Each structure stands twice: as structure tokens, then as C-alpha cells.
Amino acid sequence: MVSSNDFKNGMTILYEGKIYKIIEFMHVKPGKGAAFVRTKLRDLRNGGIVDITFNSAEKVEKAMIEKIAMQYLYDTGDSLVFMDNETYEQIEIAHELVEYERKFLKENENVNIEKYGEEILGVILPDKVTLRVTECEPAVKGDTKTNALKDAIVETGLLVKVPMFIELDEEIVVNTETGKYSGRA
């Protein structure tokens, strides 16, 4: 059990049967009445974000989330197959659980898988990934005065807005949190 006074960003807790990760928290001491802790939490099962207020010193159960290093092998059409780097055991994760993350995954790439007991919660992506541009329109000459952007589709099927100088088969760095172009590889 952990007290609401001891919350930290990134901590995982069990509350009302759900597993939450603390995104941000704030201790509030009003002039009148008891102190409380206002939190913004991400539900690790469905990705939703909720605001919950806890009484000061309220106890909640800490959730022990295990992170396992795995290698992404391939897509079966319904799920993604990952292999444990130490035991070589393979697991499948349904597309619904990794809808956003699979836009950034390349075959044979190492990632971390989050597990709670035997339940797989999802995939932890690196902050940035390098992807190859497979489709993009040619740059228009003279359109470089402003920060003009064009559409490019990378090898995973993700559509990214890139600067005009990026060309076909070039490798770019994409921020996995925002899905935006970050630079050349």
C-alpha cells in the first residue's frame, strides 16, 4: 500500500479494480477543509485518461508492472508476435492492444512489453524511431521560403509531415509520442 502523499509521476497503482499510471499529481491545501491530492491518471488497459482526487494520506495499492525486453517478429494479420530475448518464448498481442504502437514497429526491433501478472498491458516504444520513407511527393522548386511540409508515408504505413527536402528511400527520425518528424537519420 502507498499513501497518496507519496505519489510520484510514473508510479502505477490499483484503484477500483483498474491499473493506472500517474501522469501528474498536485498536493492541494485549501485554507478551509482537509488537504487532498489531485491526480491525472492513465488507465493502462484502455489508454484513457481520468482525473481523480484522493484525500490526503489515503492508501491505495501499488501495482507491480513487469517490463520484459522482447523482439518484434512479425504481424499475423490479427496480432503481432514478439519473442522474449532471454527465453525465446513467443507471445501474440492483439492489434486492439497496440493500435497506435504498431505504426512505429519494424520487424526485428527490440521493445519492452508491460505485464501485470499474466496480463499483457501493451508495448513501450522508444522516444524516437528511425523509419524509411516509401512514398512522398517531389519537392516543388521555389517553395522553400516558408517552412513548407509535404506528406510522406514510411515503411510501417504511418503518414508523416516532412520538410520539402526529404526524398524517397531516405531514413527519417519520428517522435513516437507525437508521430511527428524529428530529423534525418
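Check the entry above for the structure.
Described in the following lines is the structure provided in the data block. (Residues numbered from 1 in each chain as written. Predicted model: local features only at pLDDT ≥ 70, side-chain atom pairs only at ≥ 80, totals over all residues. Heavy atoms only, no water.)

### As for unusual backbone geometry
In the Ramachandran plot, asparagine 108 falls in the positive-phi region, its phi being about 70° despite a non-glycine side chain. With respect to the secondary-structure elements, asparagine 108 resides in the loop between β9 (90-94) and β10 (110-116). Note on asparagine 108: relative accessible area 52%, which makes it exposed. One non-glycine residue with positive phi stands out, namely aspartate 169, at about 70°. Within the secondary structure, aspartate 169 is located in the loop between β14 (159-163) and β15 (171-175). (Helix = DSSP H or I, 4+ residues; strand = E, 2+ residues; numbered from the N terminus. Buried < 20%, exposed > 50% of the residue type's maximum accessible area, 1.4 Å probe, protein only.)

### Notes on the sheet that holds β14
The antiparallel open sheet is built from five strands, whose spatial order is β14-β13-β12-β15-β16. Each end of this open sheet is capped by a strand with a single partner; those strands are β14 and β16 (181-184). With direction set aside, neighbouring strand axes in the sheet form an average angle of 50°. Relative to β16, β15 runs antiparallel, the two being bridged by three bridges. Across the sheet, residue valine 174 finds its bridge partner in β16, namely tyrosine 181. (Pairing = 2+ DSSP bridges. Axes fitted to C-alpha atoms, helices over the stretch in contact; angles between N-to-C directions.)

### Topic: the pairing of strand β3 (residues 18-28)
Looking down a regular strand, the side chains alternate between one sheet face and the other. Note: strand β2 (residues 12-15) against β3, four bridges, orientation antiparallel. When the bridges of β3 are listed, isoleucine 13 appears paired with tyrosine 20. Between the end of β2 and the start of β3, which pair antiparallel, lie two residues, with glutamate 16 showing a positive phi angle near 55°. Pairing between β3 and strand β4 (residues 36-43): eight bridges, direction antiparallel. Counterpart to lysine 21 in the pairing with β4 is arginine 42.

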